[in-house]
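One letter stands for each residue in the lines below.
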Amino acid sequence: MKTTIQFGPQHPVWVEPLRLKLTMDGEIVKDCELEAGFCHRGLEKKFEWDYNKGAYLSERICGICTQHHSTCYCTAVEGTMGLEIPRRAAVIRTIMLELERLHSHLLAIGLTLESIGFENLFMLCFRNREIVLDMFERTTGNRVLHGINIVGGVIRNIGPEMAKELEDFCDIMEKRCLDLKDMILKSYTIRERMQGVGVMSEQLARDLCVVGPVARGSNVPYDIRAVAPYVLYNEIKVKPIVETSGDCWARSVVRVRELFQSIDIIRQCIPLLADAGEDIFAKSKTLPEKEYFTRVEAPRGELFYYAKGKKSKEMDRIKVRTSTYGNGPGFVPLIKGSHLADVGLITITFDPCIGCFDR
Amino acid sequence: MSLIELSRKKSPWVIHVGTGGCNGCDLEILACLTPRFDASRFGVMSTGNPKHADIMLVVGPVTLKYKEIITNLYNQMPDPKVVIAVGTCASTGGIYQGCYGHCGSLDKVVPVDVYIPGCNVRPEAVIDGLVLGLDILNEKERKILEEKKKSKGAA
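Fair warning: this is a prediction, and the values are worked out from it, not measured in the lab.

Thresholds applied
Residues numbered from 1 in each chain as written. Chains lettered and ligands numbered in written order. Predicted model: local features only at pLDDT ≥ 70, side-chain atom pairs only at ≥ 80, totals over all residues. Helix = DSSP H or I, 4+ residues; strand = E, 2+ residues; numbered from the N terminus. Rg over C-alpha atoms; globule rule 2.2 N^0.38 Å. Buried ≥ 20, exposed ≤ 12 C-beta atoms within 10 Å, placed from the backbone. Pairing = 2+ DSSP bridges. Axes fitted to C-alpha atoms, helices over the stretch in contact; angles between N-to-C directions. Contact = placed C-beta atoms within 7 Å. Core = buried A, V, L, I, M, F, W, Y, C linked by C-beta atoms within 7 Å. Expected span 1.5 Å × (residues − 1). Parallel < 35°, antiparallel > 145°, perpendicular 65-115°, else oblique. Left-handed = near helix turned anticlockwise from the far one by under 90°. Nonpolar A, V, L, I, M, F, W, Y, C, P; charged D, E, K, R; others polar. pLDDT = per-residue confidence, 0-100.

Draft legend 1. Just the overall build of chain B, in detail. Per the secondary structure count, chain B includes five helices and five strands. Traced from its N-terminal end to its C-terminal end, chain B shows the element sequence α-β-α-β-β-α-β-α-β-α. Taking 15 Å as the expected radius of gyration for a compact globule of 155 residues, we find that chain B reaches 16 Å, a close match to that expectation. Once the C-alpha set of chain B is aligned to its principal axes, its extents read approximately 55 × 35 × 25 Å. Considering chain B as a whole, with its 155 residues, one finds that 46% of them fall into the buried category.

What follows is the structure in structure tokens.
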């Protein structure tokens, strides 16, 4: 007998609304339909606005990868004006980008563990995440939406004292993350629950053009930081972290290993602050008039902004293609044929951020 | 004080509804429920089921597509119930004012008892709002009990 189950839009696994219509045959999912658009606010239209205010608006597309959104927007708009940002601003942006990745990955790992019922380790992830948020509060003044990027640079400097604090933070964070890594990777229970669940083959990953940790978990070494370097990634070489098995376990392990990569990048950036000039902001002499696009590696994958100016303060068009939107079609083939109990786990390892997805 | 009233005062269950904001306030609510801020000191427990919930925490401007669902959720909650609008965009529409995809603020859709301002909110503010909401919940409970008593006396 076939039954239909409505998974969502209000479901405890996701914080945000997304609907999966599952056709069941006993415990096995036979067919799956994805319905999105519950979060659609119409932000791209709103971007036809003062380009200086756009940076704040782009942060509100997604509260988890705010820094990536605003950096991507600012780089795109700076491109339309042919503006070069000062070196110090680029260093500060890079540090913030990696801090953002740290907290986002800790959140994703925590939610994955919660979805398999490991409440204790979820709480631990969130305790570690609070340290990152403290660092954000010290450097930018805000916990989640930082508001540090503007077109032409950044608005807050990182002085020598703060640099020292960041170094201490890296040491503490690395120790905590090592503990967390041991607990996750050596846990028999977690491995047994996640290995072999929701396997995405390399061919399927390439066919669906998934991005970010999802692609890297399926042996596709695609990382914008390595493929098309932006801000400071020309100097700081990033090697994409790849896992081969493509299941829920691989996607989570990629995130765990990227924590250390981020800490390493922050460590490499801090000495660059000392000899990077004092300017953190460059004023533009022209208005945006050309077209330009930028790609940024957000915690969830490739983030794309297209900007077009019309020689006035307002922008003509901003097109956003977020990473979750690229990953969205990915979970439908994985859910087909899986158990009902695995549906939550499979979707949460894609790290769905519906605020991004629908805009 | 009846037993039910006492248990409601000591342990309100919250349902967390995200209606299309930016996730920032969702994160801070999660931070509230986790070790640093730990709202379970006040007996607050997060639940996914509206039929078990006393307090609804709503995040984000209500999008047009979500309007129907949130009224549905509100109707499923048993009385007495309290609705808390978390964040500027749930309270007034905030930065999304003028976007075509949402219907302004939460109070145009369901009645709201407590507004928590801030874009995004701080966890301290969420806890403050929850405590305020608790008082309102108890007040509503008392009114319902009094009405019951009156109707019994009349009969």
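Draft legend 2. Focus on the sheet that holds strand β3 (residues 55-59) of chain B. All names here are of chain B. Taken together, the five strands give an open sheet; going across it, the order is β2-β1-β3-β4-β5, and neighbouring strands pair in parallel fashion. Each having just a single partner strand, β2 (45-47) and β5 (114-116) make up the two edges of the open sheet. The mean inter-strand angle of the sheet, taken between neighbouring strand axes irrespective of direction, is 30 degrees. Helix α5 (residues 123-154) rests against β3, β4 (82-86) and β5 of the sheet, and its axis sits at about 175 degrees to β5.

Draft legend 3. Up close: the pairing of β4(B). Residues and elements named next belong to chain B. Buried residues dominate β4, accounting for five of its five residues. Taking every second residue as pointing to the same face, both faces of β4 are buried, with Val82, Ile84 and Val86 on one and Val83 and Ala85 on the other. For β3 and β4, the ladder comprises five bridges, and the chain directions are parallel. Bridging from a neighbouring strand, Ile55 pairs with Val82 of β4.

Draft legend 4. Broad picture of the sheet that holds strand β7 (residues 301-309) of chain A. Residues and elements named next belong to chain A. Overall, antiparallel pairing links the three strands, which are arranged β6-β7-β8 in an open sheet. The open sheet has two edge strands with one neighbour each: β6 (291-298) and β8 (315-321). Strand-to-strand twist across the sheet, computed as the mean angle between neighbouring axes with direction ignored, equals 15 degrees. Helix-sheet contacts for helix α3 (residues 66-81) involve β6 and β7, and the interaxial angle to β6 is about 155 degrees.

Draft legend 5. Looking closely at the nonpolar core. Ranked by size, the top nonpolar core spans 153 residues in total, and within it B:Met56, B:Leu57, B:Val58, B:Ile84 and B:Val86 carry the most contacts. Tallying contributions element by element places helix α4 (residues 87-115) of chain A first for this core, with 15 residues. Excluding residues within four positions of it along the chain, B:Val58 makes contact with B:Val17, B:Thr19, B:Val83, B:Ile84, B:Ala85, B:Val86, B:Ala90 and B:Leu106.

Draft legend 6. Representation of α5(B). For α5(B), with 32 residues, the first-to-last C-alpha span of 47 Å sits near the 46 Å given by 1.5 Å per residue. Every buried residue of α5(B) is accounted for by B:Pro123, B:Val126, B:Gly129, B:Leu130, B:Gly133, B:Leu134 and B:Leu137.

Draft legend 7. Region of interest: the packing of helix α6 (residues 160-185) of chain A against helix α11 (residues 248-274) of chain A. Residue and element names in this part refer to chain A. Here α6 crosses α11 at 165 degrees, and the two axes come no closer than 10 Å. By the criterion of interaxial angle, the relationship of α6 to α11 is roughly antiparallel. Crossing geometry of α6 relative to α11 is assigned as left-handed. Contact with α6, carried on its side by Ala163, Leu166, Glu167, Cys170, Met173, Glu174, Cys177, Lys181 and Ile184, involves Val256, Leu259, Phe260, Ile263, Ile266, Arg267, Ile270 and Leu273 of α11 and no other residues of that element. Class assignment of the residues belonging to the contact of α6 with α11 gives a composition of 13 nonpolar, no polar and four charged.

Draft legend 8. Up close: the packing of helix α2 (residues 24-33) of chain B against α5(B). Residues and elements named next belong to chain B. With their axes 9 Å apart at the nearest point, α2 and α5 run at an angle of 70 degrees to one another. Accordingly, the angle class assigned to the pair α2 and α5 is roughly perpendicular. For the pair α2 and α5, the contacting residues are Glu28, Ile29, Ala31 and Cys32 in the first and Pro123, Val126 and Ile127 in the second. When the residues that make up the contact of α2 with α5 are grouped by side-chain class, the tally is six nonpolar, no polar and one charged.

Draft legend 9. Representation of the interface of chain A and chain B in the model. Each partner contributes residues to the interface: chain A has 31 residues there, and chain B has 32 residues. Elements supplying a minimum of two residues to the side of chain A that touches chain B: α1 (43-46) and α5 (119-140) of chain A. With four residues, the top contributor of residues to the side of chain A that touches chain B is α5(A). Each residue belonging to the side of chain A that touches chain B can be placed in one class, and the counts come to 16 nonpolar, seven polar and eight charged.

Draft legend 10. Region of the structure containing helix α2 (residues 51-59) of chain A. If you check which residues of α2(A) are buried, you get A:Tyr51, A:Gly54, A:Ala55, A:Leu57, A:Ser58 and A:Glu59. Residues of α2(A) that are buried sit in contact with α1, α3, β4 (149-150) and β8 of chain A.

Draft legend 11. Up close: unusual backbone geometry. Omega for the bond connecting B:Cys119 with B:Asn120 falls within 30 degrees of zero, at -10 degrees, which places this linkage in the cis form. Within the secondary structure, B:Asn120 sits in the loop between β5 and α5. For A:Asp351, which is not glycine, the phi dihedral falls at a positive 55 degrees. Mapping A:Asp351 onto the fold places it in the loop between α14 (340-349) and α15 (354-358). A residue is classified by how many C-beta atoms lie within 10 Å of it, and A:Asp351, with 27 of them, is buried. Of note, the phi angle at B:Asn23 is positive, near 85 degrees, even though the residue is not glycine. Here B:Asn23 lies in the loop between β1 (13-18) and α2.

Draft legend 12. Quick look at the environment of A:Leu334. Residues and elements named next belong to chain A. Mapped onto the elements, Leu334 comes out in helix α13 (residues 331-335). Using a count of 25 C-beta atoms within 10 Å as the deciding quantity, one classes Leu334 as buried. The spatial distance from the C-alpha of Leu334 to the C-alpha of Gln203 is 13 Å, given a sequence separation of 131 residues. Each residue touching Leu334, except ones within four places of it in the same chain, is listed here: Gly198, Met200 and Ile346.

Draft legend 13. Structural view of the pairing of β8(A). Residues and elements named next belong to chain A. Two elements, β7 and β8, share six bridges in a ladder whose sense is antiparallel. Residue pairing for β8: Lys308 is matched across the bridge by Arg317. Between β7 and the antiparallel strand that follows it, β8, lie five residues; Lys311 among them carries a positive phi value of about 60 degrees.

Draft legend 14. The confidence of the model for chain B, seen in detail. Residues and elements named next belong to chain B. Of all residues in chain B, 97% attain a pLDDT of 70 or more, and the chain-wide mean is 83. Taken element by element, the predicted model of chain B shows its lowest mean pLDDT in helix α1 (residues 3-10) (71) and its highest in β5 (90). Two summary scores accompany this predicted model of the complex, namely pTM at 0.88 and ipTM at 0.81.

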